[in-house]
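A structural walkthrough
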Amino acid sequence: MTEPRWVRIGLAVASGGVLVFLYLPLVILAIYAFNPSRLQAWPPTGLTLHWFAEAAANPGLRAAIVNSLIAGAGATGVALVLGTAAALAVQRFTFFGRETISFLFVLPIALPGVVTGIALRTTFQTLDVDFGLATIIVGHATFCIVIAYNNVIARLRRLPRTPEEASADLGADTWTTFRRITLPAMGTALLSGGLLAFALSFDEIIVTNFTAGPGTQTIPMWILAAIQRPAEVPVVNVVAFVLILLSAIPVYLAQRIAGGATGGGRY
Amino acid sequence: MTTASSVSAPETPTPQPGRLRRFAAWLHLHKRVQRNLLLGGPLTWMVVAYFGSLFILLLGAFWDRDPFTGQVQPFAWSLDAFESLITNPVYLTIAVRTITIAAAVTVTDAILAVPIAYYMARIATPRVRQLMVVAVLMPLWAAYLVKVYAWRTILQGNGFLEWALGPFGVDAPGLGQILNAWVVLSYLWLPYMILPIFAGLERIPNSLHEASADLGARAGITFRRVTLPLVFPALVAGSIFTFSLTLGDYITPDLVADAKFVGNVIYDNSSLGNLPLAAAYSLLPIVVMIGYLLVARRLGAFDSL
């Protein structure tokens, strides 16, 4: 360690400050979930679990949860199939433009979501496609593919090729080798990539607003509408509390299963 | 793979190979076909769903609208959308506001991220480092709207900020301040900046720091002359996210600052049926981001993505 003592102490204090900044809003909102008052005023007036029951019985919220689960499953399925195929092609074959593929898949997350949203909406409208869950899934899949791709390709880079060669030497054809050797070796990468893609889809609002029809609401769309209705505030607080707790799942997965394979953040 | 996956193959080799098996054996010898089957699906998806949509968006910017009903007339060409964008100064104001806030958010996040990333990469023990990575990842994965909503409750009247500032006799500014957008967007995208910088700092071998110290450089000089140039590409990689995510956000500005960003104009006009204007204005973030990405690539950011 080459840093002098005062630098180390200063950095520790600054890091602590940043962590407080990151967590304070989440903690404050989590406390509101137990606030008996209908008004969002600080400090809370007491403690209650009443709003949890109210949230569980909210029909609009239930419908939104179902929609979000379907959209997440659909987008994750598309992303896993296409992302895995692309990762296998890039990792196992050489071809013209191979370097460009990674850049191509990063583009939907590098360009602002509002661009993806308006582009898809314009296209659906021009082609007279009915807006609904299917259009939401298409929108989510465009940026979920990159997560599946990144997770699978990181795993493929570390996999030794010898088991596959041995399998081929023993007479297995391409499909058998893939099914018996490559696929099991990719298993956890597919699991973590799939769950991270699902989590991303579950949280998406910027693109979803453009690709959802008037009758279809996902969880984020429900929250956005409910925030602006004072009567729904206590139920939103409960939903927010649950979502904050749920964010531990992708973090756990990213740490344990992927072993930090996805280097920078979410993608 | 995509074509074969729908049919299940028998477990053991059979004396009379079925059609699928023969196809698989043939595939084994034809690597190019294998590759094309693998690439076909994802490339078709990207080209049709994504680039196809972007192309239609580009066309949509030049579509005409019925002068009486306002109905969009696809494939009837006009420059009306661009004319209104240029003649009405509000669109320039909004563009300048959005890009200024995006730049401010990026600089703010860089300033906040470097110390904590440095602490994580070089000073914390492995155990503390692991805990801090988790501590930075948690808020990143917490739902976007939950975070915006949390700030809304903090900033609004009778909220946490008013309560905290009250004893000092300072009035909370309340919602509807453009500075709120700067604070909240900096908050939202901060983890996207911390993680790449942390990864970049971790890649710098410790021997370089020691060499610099041995040659007589003090901590400040080592940081400026050795660490910062080496971690700069990672910082630019993080800035792609902070800049792009701010540039395209239309929910946070509306909820915490009551301000219009480029995204709000795009969203509002597309909802109101003025698609050509929305499409034409969306060319602005596309052009800005492509320029940003080209500069970022020159600075070596893509190796740190």
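Residues numbered from 1 in each chain as written. Chains lettered and ligands numbered in written order. Predicted model: local features only at pLDDT ≥ 70, side-chain atom pairs only at ≥ 80, totals over all residues. Heavy atoms only, no water.

**Focus: the overall build of chain A**
Which entries qualify depends on this criterion: Here a strand is any run of E in DSSP of at least two residues, a helix any run of H or I of at least four, and the numbering for each starts at the N terminus. Relative accessibility decides the category of a residue: with a 1.4 Å probe and only protein chains considered, values under 20% of the type maximum give buried, values over 50% give exposed, and everything between is partly exposed. When checking whether two residues touch, look at their non-hydrogen atoms; a contact exists if any pair is within 4.5 Å. Accessible surface is estimated by sampling points in the Shrake-Rupley manner with a 1.4 Å probe; for residues, cover comes only from the protein chains shown. When charges are tallied, Lys and Arg are placed among the positive residues and Asp and Glu among the negative ones, while His and the ends of the chain are skipped. Throughout, a charge is located at the NZ atom of Lys, the CZ atom of Arg, the CG atom of Asp or the CD atom of Glu.
Secondary structure summary: chain A contains 12 helices and 0 strands in total. Each helix and strand of chain A, placed in order from N terminus to C terminus, yields the pattern α-α-α-α-α-α-α-α-α-α-α-α. Seen through its principal axes, chain A has C-alpha atoms that stretch 70 × 65 × 30 Å. For chain A, the proportion of its 267 residues judged to be buried stands at 55%. The contacts of chain A with a sequence gap of at least 6 include a subset with a gap of at least 24, amounting to 69%. Surface exposure of chain A reaches about 10,900 Å², of which carbon and sulfur atoms provide 67%. Charged side chains of chain A number 16 positive and 12 negative; the gap between the two group centres comes to 9 Å.

**Concerning the overall build of chain B**
The cut-off we apply is this: Atoms counted for the radius of gyration: C-alpha only. Globule rule: 2.2 Å times the number of residues to the power 0.38.
Along the backbone of chain B there are 13 helices and 2 strands. Relative to the compact-globule value of 19 Å for 305 residues, chain B shows a C-alpha radius of gyration of 26 Å, a clear excess of over 25%. Across its three principal axes, chain B shows a C-alpha extent of roughly 90 × 75 × 40 Å. Of all 305 residues assigned to chain B, the portion counted as buried reaches 50%. Across chain B, the fraction of contacts at a sequence separation of at least 24, relative to all contacts at a separation of at least 6, is 67%. Summed over its atoms, the accessible surface of chain B is roughly 14,500 Å², and 65% of this surface lies on carbon and sulfur atoms.

**A word on the interface of chain B and chain A**
The condition that has to hold: By buried area we mean how much accessible surface two parts lose on assembly, using a 1.4 Å probe and totalling the loss over both. When a carboxyl oxygen of Asp or Glu is within 4 Å of a side-chain nitrogen of Lys or Arg, the pair counts as a salt bridge. Here a polar contact is recorded for every N or O atom pair within 3.5 Å, except that within protein the pair must consist of a potential hydrogen donor and a potential acceptor, and residues adjacent in sequence are included only if both atoms are side-chain atoms.
Each side of the interface is counted separately: chain B has 100 residues, and chain A has 97 residues. For the pair chain B and chain A, the summed buried area comes to about 9,000 Å², and 77% of that belongs to carbon and sulfur atoms. Of the charged contacts, one joins B:R122 and A:E3 as a salt bridge, the two residues approaching to 2.9 Å between their closest N and O atoms. On inspection of chain B and its partner chain A, the count reaches 14 residue pairs in polar contact (both at pLDDT 80 or more).

**Quick word on helix 1 (residues 19–29) of chain B**
Quick note on the threshold: In this description, the arc belongs to the directions extending from the helix axis to the C-beta atoms.
Residues of helix 1 of chain B that are buried: B:R21, B:A24 and B:L27. Down the axis of helix 1 of chain B, the buried set is contained in an arc of 120°. They therefore lie on one face. Structural note: helix 1 of chain B exposes B:R19, B:R22 and B:L29 on the side pointing more than 90 degrees away from its buried face. Along its buried surface, helix 1 of chain B packs onto helix 8 (174–203) of chain A together with helix 2 (31–60) of chain B.

**Re the pairing of strand 2 (residues 72–77) of chain B**
All names here are of chain B. Stated formally: Any two strands with at least two DSSP-identified bridges between them are counted as paired.
Across 3 bridges, the pairing between strand 1 (residues 63–65) and strand 2 is antiparallel. By the bridge assignment, R65 is partnered in strand 2 with V72. Between strand 1 and strand 2, which pair antiparallel in sequence order, lie 6 residues; one of them, G70, sits at a positive phi of approximately 80°.

**Some remarks on the domain arrangement of chain B**
Quick note on the threshold: Where each domain begins and ends is defined by an automated method or by a domain database.
We note that the domain assignment places domain 1 (4–55) and domain 2 (84–304) within chain B. On a C-alpha basis, the centroid separation for the pair domain 1 of chain B and domain 2 of chain B is 42 Å.

**Here's the deal with the pattern of salt bridges**
All names here are of chain A. Scanning all chains against the criterion turns up 5 salt bridges over all chains. For the salt bridge of R92 with E164, the shortest nitrogen-to-oxygen distance reads 2.7 Å. Of this pair, R92 sits in helix 3 (residues 59–92) while E164 sits in helix 7 (residues 162–169); the two residues are 72 residues apart in sequence, bridging distant segments of the chain. The residues R92 and E164 share a single accessibility class, namely buried. Across the pair R229 and E232 runs a salt bridge, and its minimum N-O distance is 2.8 Å.

**Examining the packing of aromatic side chains**
What counts here: Two rings from Phe, Tyr or Trp (for Trp, the six-membered ring) form a pair when their centres are within 6.5 Å of each other. A pair whose planes differ by under 30 degrees is stacked, one over 60 is edge-to-face, and the rest are tilted.
Summed over all chains, the structure comprises 26 aromatic pairs over all chains. Each ring, one from A:Y32 and one from A:W42, has its centre 5.5 Å from the other, and the planes form 80°; the classification is edge-to-face. Here A:W42 lies in the loop between helix 1 (5–32) and helix 2 (50–56) and A:Y32 lies in helix 1, a separation of 10 residues in the sequence. The burial state of A:Y32 is the same as that of A:W42; both residues are buried. Their ring planes at 70° and their centres at 5.9 Å tell us that B:Y118 and B:F223 sit as a pair that is edge-to-face. Of the two residues, B:Y118 is situated in helix 4 (residues 89–123) and B:F223 in helix 10 (residues 219–247); the sequence distance between them amounts to 105 residues. Through a chain of ring-to-ring contacts, three or more aromatic side chains come together here, namely A:Y32, A:W42, B:F160 and B:W163.

**Some remarks on the environment of A:A64**
Residues and elements named next belong to chain A. Here A64 lies in helix 3. Classification of A64 by relative accessible area gives buried; the value is 1%. Sequence separation between A64 and Q217 is 153 residues, and the spatial gap between their C-alpha atoms is 5.3 Å. Ignoring sequence-local partners within four residues, the contact set of A64 consists of Q217, T218, I219 and W222.

**Some points on a nonpolar patch on the surface**
To keep it simple, the criterion reads: Patch rule: a residue counts if its relative accessible area is over 30% and it has no salt bridge; like charges are joined within 9 Å, and nonpolar side chains (Val, Leu, Ile, Met, Phe, Trp, Tyr) within 5 Å.
Residues A:V242, A:L246 and A:I249 make up a contiguous nonpolar surface patch of roughly 230 Å² in combined accessible area. Within the fold, A:V242 resides in helix 11 (residues 233–246).

**A look at the nonpolar core**
Just so we agree on the cut-off: What makes a nonpolar core is a set of buried Ala, Val, Leu, Ile, Met, Phe, Trp, Tyr and Cys residues whose side-chain atoms join them at distances within 4.5 Å.
Ranked by internal contacts, the top residues of the largest apolar core, which has 175 residues, are A:W222, A:I223, B:Y144, B:I194, B:I197, B:I251 and B:Y281. The biggest single contributor to this core is helix 4 of chain B, with 16 residues. Two domains each donate at least three residues to this core, and these are domain 1 (4–55) and domain 2 (84–304) of chain B. Residue contacts for A:W222: discarding those within four places in its chain leaves A:N58, A:G60, A:L61, A:A64, A:Q217, A:E232, A:V235, A:V236 and A:V239.

**Things to note about the packing of helix 1 of chain A against helix 6 (residues 144–155) of chain B**
Spelled out, the test is: For helices, the fitted axis covers only the stretch in contact; all axes are lines through C-alpha atoms, and the angles between them, taken along N-to-C directions, range from 0 to 180 degrees. Under this scheme an angle from 65 to 115 degrees is roughly perpendicular, one under 35 degrees roughly parallel, and one over 145 degrees roughly antiparallel; angles in between are oblique.
One way to put it is that helix 1 of chain A packs onto helix 6 of chain B with a least axis distance of 9 Å and a crossing angle of 80°. If you check the angle between helix 1 of chain A and helix 6 of chain B, you find them roughly perpendicular. Of helix 6 of chain B, the residues touching helix 1 of chain A (which contributes A:F21, A:P25, A:L26, A:I28, A:L29 and A:Y32) are B:V146, B:K147, B:Y149, B:A150, B:W151, B:T153 and B:I154.

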